[in-house]
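The primary structure of each chain is shown beneath.
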Amino acid sequence: MRIRKRFLPRTISDGIATGFMTAIIPITFWFEVYVVIPGVHGIDSIYNWIHLGPALFLLFNISANMLATIMCETGCGTEIVNVPTNVNITSGQGSKTWHVCSTCEAVAPPRSWHCNTCGTCVLKRDHHCVFTGCCIGHKNHRYFILFVLHLFIATLYASILNNYFIWFVRGEDFRNWTSLVKIAFPLAMLVVDTSTKQYYLLVYLINMVGMFMTGVLLIYHGRLILSGTVVHERNFHDYNLGWLENIRMVLGKRWYLTWLSPFLQSELPHNGIDWDFIQKEAAKTK
Ligand SMILES: [Zn+2]
Ligand SMILES: [Zn+2]
């Protein structure tokens, strides 16, 4: 993986969203491991240690995949792009063809698209993600989708524990109508009451919202990946090689191991530049 030179967020909205993720991941881990799990099982329970295994695995995969998404170089500028001699180069943006990017003043391959925030054309650009402050493209698509997958599993896991902890273990503190009002108006609840209980409710709410958001994102991006497309191309399926080959195109040749760690090598079968061949292969399978 080639490391990006400038990986800090470039806009205020990117900075706020990325900062929020950087803070909420360790806060949730601390809340589950030091408050919720001992609260559910008792301080001296062996189950506290049993939960620690999956909790650390999820924390590692979420943090490391997020970091890999941010650090990975996705731009066309650092690639040696050999333009085929037999293609027509169009002007302006056009993700299906070789084209000249007027901002980069360079020829860009099919499926690449210029991002004004990142200031470069990105290979097989999917979208710009505010929560990582960078574009998702050919090189970091793997890390992004596994970041979302592990986030969904972690928020689902945390939400199951949190619901039991808040409404049953600590039911006498939280099972009243004021808790429902405070959950409905999350910022107002901190103005009214800054006790520890209100912070518990805030982390509970963030995890519930996170579970629904990452669940929707996982279904949306998962369906795009399975059909061999990206966000920009959702209306055409010119690169659909079948679901297994499409997964390999994003997760690499050892796709079945990538959920274990972003450090596991899984070479991508395509270079992200020469898509004409893939387009012809996809046409044959139709
Ligand atoms: Zn460009
Ligand atoms: Zn971008």
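Residues numbered from 1 in each chain as written. Chains lettered and ligands numbered in written order. Predicted model: local features only at pLDDT ≥ 70, side-chain atom pairs only at ≥ 80, totals over all residues. Heavy atoms only, no water.

Enquirer: I keep staring at the coordination of the zinc ion (ligand 1) and nothing clicks. Help me out?
Expert: Octahedral six-donor coordination of a metal ideally yields angles of 90 or 180 degrees, compared with 109.5 degrees for tetrahedral four-donor coordination. The coordination sphere of the zinc ion (ligand 1), as far as protein atoms go, consists of Cys 101 (SG), Cys 104 (SG), His 114 (ND1) and Cys 121 (SG), spread over 2.1 to 2.3 Å. Coordination at the zinc ion (ligand 1) is tetrahedral, judged from the 4 donor atoms that bind it and the angles of 99 to 120° they form at the metal. One chain supplies every donor to the zinc ion (ligand 1), and in sequence these donors are spaced C-x2-C-x9-H-x6-C. Comparing His 114 with Cys 121, the two get one shared label, buried. (Donors = N, O, S within 2.8 Å, 3.2 Å for Na, K, Ca; no water. Tetrahedral: all angles 85-135°; square planar, octahedral: opposite > 155°, others 65-115°. Buried < 20%, exposed > 50% of the residue type's maximum accessible area, 1.4 Å probe, protein only.)

Enquirer: I tried to follow the coordination of the zinc ion (ligand 2) on my own but got confused; where do I start?
Expert: Looking at the zinc ion (ligand 2), the protein donor atoms are Cys 115 (SG), Cys 118 (SG), His 128 (ND1) and Cys 135 (SG), and they sit 2.1 to 2.3 Å from it. Viewed at the metal, the 4 donor atoms of the zinc ion (ligand 2) are separated by angles of 100 to 116°, and the geometry they form is tetrahedral. Considered as a linear motif, the donors of the zinc ion (ligand 2) on their single chain read C-x2-C-x9-H-x6-C. Taken together, the positions of Cys 115 in strand E4 (residues 113-115) and Cys 135 in strand E7 (residues 134-136) put the pair 20 residues apart, joining distant regions of the chain. Grouping residues by exposure puts Cys 115 and Cys 135 together as buried. (Helix = DSSP H or I, 4+ residues; strand = E, 2+ residues; numbered from the N terminus.)

Enquirer: Is there a simple way to explain the packing of aromatic side chains in this structure?
Expert: Note on aromatic pairs: each is described by the distance of the centres and the angle between the planes. Overall, the coordinates contain 9 aromatic pairs when judged by the stated rule. Ring geometry for Phe 31 versus Tyr 200: centroids 5.1 Å apart, planes at 55°, classification tilted. Here the residue Phe 31 occupies a position in helix H1 (residues 12-41), and Tyr 200 occupies one in helix H7 (residues 196-226), the gap between them amounting to 169 residues. The exposure class of Phe 31 is buried, given its relative accessible area of 1%. Judged by its relative accessible area of 13%, Tyr 200 is buried. A centroid spacing of 6.3 Å and a plane angle of 55° characterise the contact between Phe 165 and Tyr 200, whose relative ring orientation is tilted. Of this pair, Phe 165 sits in helix H3 (residues 141-169) while Tyr 200 sits in helix H7; the two residues are 35 residues apart in sequence, bridging distant segments of the chain. (Phe/Tyr/Trp six-rings, centres within 6.5 Å; stacked < 30°, edge-to-face > 60°.)

Enquirer: How should the nonpolar core be read in this particular structure?
Expert: Within soluble globular proteins, side chains that are nonpolar tend to cluster in buried spots. Ile 166 and Tyr 200 are the most contacted members of the largest nonpolar core, which has 19 residues in total. Of all elements in the fold, only H1, H3 and H7 reach the threshold of two or more residues within this core. Top contributing element to this core by residue count: H7, with 8 residues. Among residues more than four places away in sequence, those in contact with Ile 166 are Gly 171, Phe 174, Tyr 200, Leu 201 and Tyr 204. Listed in part, the 11 residues of the second largest apolar core include Ile 136, Val 148, Ile 225 and Leu 251. (Core = buried A, V, L, I, M, F, W, Y, C linked by side-chain atoms within 4.5 Å. Contact = heavy atoms within 4.5 Å.)

Enquirer: Help me out: how do you make sense of the packing of H1 against H3 in this one?
Expert: Any two packed helices are characterised by the angle at which their axes cross and by the distance between the axes. Contact geometry for H1 and H3: axes closest at 10 Å, N-to-C directions at 40°. By the angle between their directions, the pair H1 and H3 is classed as oblique. As for the relative orientation of H1 and H3, their crossing is left-handed in sense. Listed contacts from H3 to Met 21, Phe 31, Glu 32, Val 35, Val 36, Ile 37, Gly 39 and Val 40 of H1 are Phe 147, Leu 151, Ala 158, Leu 161, Asn 162, Tyr 164, Phe 165 and Val 169. Looking at side-chain class alone, the contact of H1 with H3 contains 13 nonpolar, 2 polar and 1 charged residues. (Axes fitted to C-alpha atoms, helices over the stretch in contact; angles between N-to-C directions. Parallel < 35°, antiparallel > 145°, perpendicular 65-115°, else oblique. Left-handed = near helix turned anticlockwise from the far one by under 90°. Nonpolar A, V, L, I, M, F, W, Y, C, P; charged D, E, K, R; others polar.)

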